[in-house]
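So the chains spell out like this:
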Amino acid sequence: MNFSLKQVKSDCEELLSRFQRTKSVRFETFSEIWREMKFYQIFYGMATRQKRLFARLVLDAAYSFFLPPFSFQIRVGALYLLYSLYECQSAAPRAQVRVALKDWEDIQAFERDAGEAQHLDVVYILRQLMRQKGFHFAAMPTLLSYNKKRKAQRSQRCEGFMEAPSRPQELVSAELLEELSHVHGLYDKLKVSAFASVERPVSSVQLSRNDLVPRLHATMLDYHQWQQRKECDEDAGEGTSLQQECTMRADLLASIKSKAYEQPSVPSRARRHLKVELKVGSDEAESAHRSGFRPAQKLSLKART
């Protein structure tokens, strides 16, 4: 089924992009787009033995848009998409949405945010999906198998669905800094003219910082550099996770071996008795060899008769 994964994701992105352009989180709006695109026909034409596998593929593709870092509206559309796909699938029994335990906290936080914003249809759809046992809770987000190792293909996320991480840079632009500098200069001139006829020094009244514009610019540069370092660390962490896992496994085996060598095992009574018997038997054989006594050989039946 992997050959159709790219096409399924492109269809999901098209539906969610149309839902994003409506700037709404209502299920009624999503239903209109769903019927307009005839998305319910996605399970048509599948063979009986392939229905369940294809349903799992489609649900996994839609579930990838339900988690951060996508925006709230995209996550709402992904929830509606999961519910609609779960209801219209033709597999029997129905394929469930695979949810990793580490992602459950994000889903609960999403439900709380929707409830606080009075998006009751979002809360209803999520609880309806839970009531129908549409979630399959698992330890890992993907099914593990003992196939040979393959290079993991990183899916390219749609940047338009994500929340803008550079909001501070957009707010504090070059034009804003220039305007602030201009306003600050006007304030200094007005302050000097206001206190010109007063004996009180002008420097005693400070309603704003003199280094406001340079300090704000330096703070934004520090924030931008911190974002870049964080993204680089995340990308590097994905590549070195396997190496760290191997290192941890080697350390664990080394600690187990060291503990085993520190405390020598005491042999059981049966093994101690066995060693004594073997030792006694060897001593008797050695003494008999020294005295020249040879045990009598067992005669055959013909010799005895």
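These numbers come from a predicted model, not from an experiment.

J.: Could you give an account of the overall build of the protein, with specific residues and numbers?
T.: When its secondary structure is counted, the protein shows 11 helices and 2 strands. Ordering the α and β elements of the protein from the N terminus gives α-α-α-α-β-α-α-β-α-α-α-α-α. Looking at the 305 residues of the protein, the share that counts as buried comes to 25%. Put simply, 73% of the contacts in the protein that link residues at least 6 apart link residues at least 24 apart. Summed over its atoms, the accessible surface of the protein is roughly 23,200 Å², and 55% of this surface lies on carbon and sulfur atoms.

J.: Describe in detail the nonpolar core, supporting the description with residues and values.
T.: One finds F39, Y63, F66, L79, L81 and L85 to be the most contacted residues of the largest nonpolar core, which totals 47 residues. Of all the elements in the fold, those that place two or more residues in this core are α1 (5-21), α2 (27-37), α3 (51-63), α4 (72-88), β1 (97-100), α5 (104-116) and α6 (120-131). Top element by residues in this core is α4. It accounts for 10 residues. Those residues in contact with F39 that sit more than four places away from it in its chain are D11, C12, L15, W34, L81 and L85.

J.: Give me the pairing of β1: which residues, what numbers.
T.: Every second residue of β1 is oriented toward a common face, with V97 and V99 on one face and R98 and A100 on the other, all of them buried. Relative to strand β2 (residues 135-138), β1 runs parallel, the two being bridged by 4 bridges. Residue pairing for β2: V99 is matched across the bridge by F137.

J.: Lay out a nonpolar patch on the surface with the relevant residues and their values.
T.: On the surface, a cluster of nonpolar side chains totalling about 280 Å² of accessible area is made up of L252, L253 and I256. Here I256 lies in helix α9 (residues 212-262). Taking relative accessible area as the criterion, I256 reaches 49% and is therefore assigned partly exposed.

J.: Go over the packing of α4 against α5 with me, naming the residues and quoting the values.
T.: Contact pair α4 / α5: the axes reach a minimum separation of 12 Å and the direction vectors enclose 105°. Overall, the two elements α4 and α5 adopt an arrangement that is roughly perpendicular. The residues of α5 that touch α4, namely those facing F72, R75, V76 and L79, are D106, F110, D113 and A114. For the contact of α4 with α5, the class distribution of residues is 5 nonpolar, no polar and 3 charged.

Conventions used here
Residues numbered from 1 in each chain as written. Predicted model: local features only at pLDDT ≥ 70, side-chain atom pairs only at ≥ 80, totals over all residues. Heavy atoms only, no water. Helix = DSSP H or I, 4+ residues; strand = E, 2+ residues; numbered from the N terminus. Buried < 20%, exposed > 50% of the residue type's maximum accessible area, 1.4 Å probe, protein only. Contact = heavy atoms within 4.5 Å. Areas by Shrake-Rupley, 256 points an atom, 1.4 Å probe, with all protein chains shown as cover. Core = buried A, V, L, I, M, F, W, Y, C linked by side-chain atoms within 4.5 Å. Pairing = 2+ DSSP bridges. Patch = residues over 30% accessible without salt bridge, like charges linked within 9 Å, V, L, I, M, F, W, Y side chains within 5 Å. Salt bridge = Lys/Arg side-chain N within 4 Å of Asp/Glu carboxyl O. Axes fitted to C-alpha atoms, helices over the stretch in contact; angles between N-to-C directions. Parallel < 35°, antiparallel > 145°, perpendicular 65-115°, else oblique. Nonpolar A, V, L, I, M, F, W, Y, C, P; charged D, E, K, R; others polar.

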